[in-house]
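In case you want the letters, here they are:
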Amino acid sequence: MALLNIEELSVVYGGAIDAVSNVSLKVEEGTMVALLGSNGAGKSSTLKAISGTLEFERGEITTGDVQFDGGSVRAVKAHQRARAGLIHVREGRHVFSGMSVEDNLIAAGFAVGKRGSAPGRAEIDRIYEYFPRLGERRHGLAGFLSGGEQQMLAIGRALISQPRMMLVDEASLGLAPMIAEDIFRIMAEINRETGLSILVVEQNVGLTLKHASYAYILENGRVVLEGTPDDIGGRDAISAIYLGAAAKAAANPAHIGG
Ligand SMILES: Nc1ncnc2c1ncn2[C@@H]1O[C@H](COP(=O)(O)OP(=O)(O)O)[C@@H](O)[C@H]1O
Ligand SMILES: [Mg+2]
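Reading guide: rules and limits
- Residues numbered from 1 in each chain as written.
- Chains lettered and ligands numbered in written order.
- Predicted model: local features only at pLDDT ≥ 70, side-chain atom pairs only at ≥ 80, totals over all residues.
- Heavy atoms only, no water.
- Donors = N, O, S within 2.8 Å, 3.2 Å for Na, K, Ca; no water.
- Helix = DSSP H or I, 4+ residues; strand = E, 2+ residues; numbered from the N terminus.
- Pairing = 2+ DSSP bridges.
- Axes fitted to C-alpha atoms, helices over the stretch in contact; angles between N-to-C directions.
- Contact = heavy atoms within 4.5 Å.
- Near = heavy atom within 4 Å.
- Polar contact = N/O pair within 3.5 Å; in protein donor to acceptor, adjacent residues only side chain to side chain.
- Areas by Shrake-Rupley, 256 points an atom, 1.4 Å probe, with all protein chains shown as cover.
- Nonpolar A, V, L, I, M, F, W, Y, C, P; charged D, E, K, R; others polar.

Colleague: Lay out the coordination of the magnesium ion (ligand 2) with the relevant residues and their values.
Modeller: Summarising the metal site, the magnesium ion (ligand 2) is bound by the protein donors S44 (OG) and E91 (OE), whose distances to it range over 2.0 to 2.7 Å. Placement of S44 in helix α1 (residues 43-51) and of E91 in the loop between β6 (86-89) and α3 (101-112) is noted, with a sequence separation of 47 residues between them.

Colleague: Let's hear about the sheet that holds strand β9 (residues 214-219): which residues, and what values?
Modeller: Read from one edge to the other, the open sheet built from 6 strands follows the order β6-β7-β8-β3-β9-β10, with strand pairing classed as mixed. Only two strands of the sheet have a single partner each, and these edge strands are β6 and β10 (222-227). With direction set aside, neighbouring strand axes in the sheet form an average angle of 15°. Inspection of the sheet shows strand β7 (residues 165-169) paired to strand β8 (residues 197-202) by 5 bridges, in the parallel sense. Note on β8: the bridge partner recorded for M166 is I198. In this fold α1 packs onto β3 (32-36), β6, β7, β8 and β9, with an angle of close to 150° to the strand it touches most, β7.

Colleague: Quick rundown of the site of ligand 1? Include the residues and the values.
Modeller: Looking at ligand 1, the residues that line it are Y13, I17, A19, S38, N39, G40, A41, G42, K43, S44, S45 and E57. The contact in question runs from an oxygen atom of ligand 1 to an N or O atom on the side chain of K43, over 2.7 Å. If ligand 1 stood free it would expose 560 Å²; the protein chains cover 68% of that surface. In terms of residue count, the dominant contributor to the shell around ligand 1 is α1 (3 residues). The class makeup of the residues in the shell around ligand 1 is 4 nonpolar, 6 polar and 2 charged.

In structure tokens form, the structure reads like this:
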């Protein structure tokens, strides 16, 4: 049984907008899997359905199921899913900008920690081992970090509670290619060394296929291609995503550029 198993998931906003239609996907324990697709394909909605945060955006699962660790979590609240080890790194590098790097990690540990207590020194230092730049800036305000460092901190906050599965939404967006590569290399290293299962959502096909062992490609809320990076090939994946998006824009010119 896969650690995460999504069956025929459909997500609707406001009773009208079909964001995700009949998506089935799974993540085997200890693997790093990618969910790729252009803007508006339904990637974030899928992650929110998995972490239980859809309700905060008036989205709902109309059909299908989300199973984590062998059981349905449809009725389980987001904070309880987090406590069970299913952690969501939301799009947009969410950190507390007025707090130090270290306090950000401590606060995240408190919020999700199993004992409701602060994370220990060893847990914090483990994050600095993976992300030395965060260690160097541990006393600095998170708001003064670069975009790449803020993304590292957002991931560090998720890792502090030693989750079983991390969902990461567009970690590379807006970052210099070398920094994005660094972040993916470190996530892959954590996946290998600790067995943490990772589901990454990305628009950056090339970077992601270098590190993920399996990928799903979403278009208009549906899975249009899936397989190992070798199966689907970078080129096919890129054209499925970007030609698909181009065809959509051509059919609906009002949305070009928006
Ligand atoms: N909170 C929301 N309310 C209404 N529509 C939404 C909301 N969030 C996303 N959508 C719509 O759902 C579709 C999928 O969005 P999303 O899951 O954010 O895609 P992606 O992450 O792939 O860019 C888009 O058409 C988007 O406009
Ligand atoms: Mg998104």
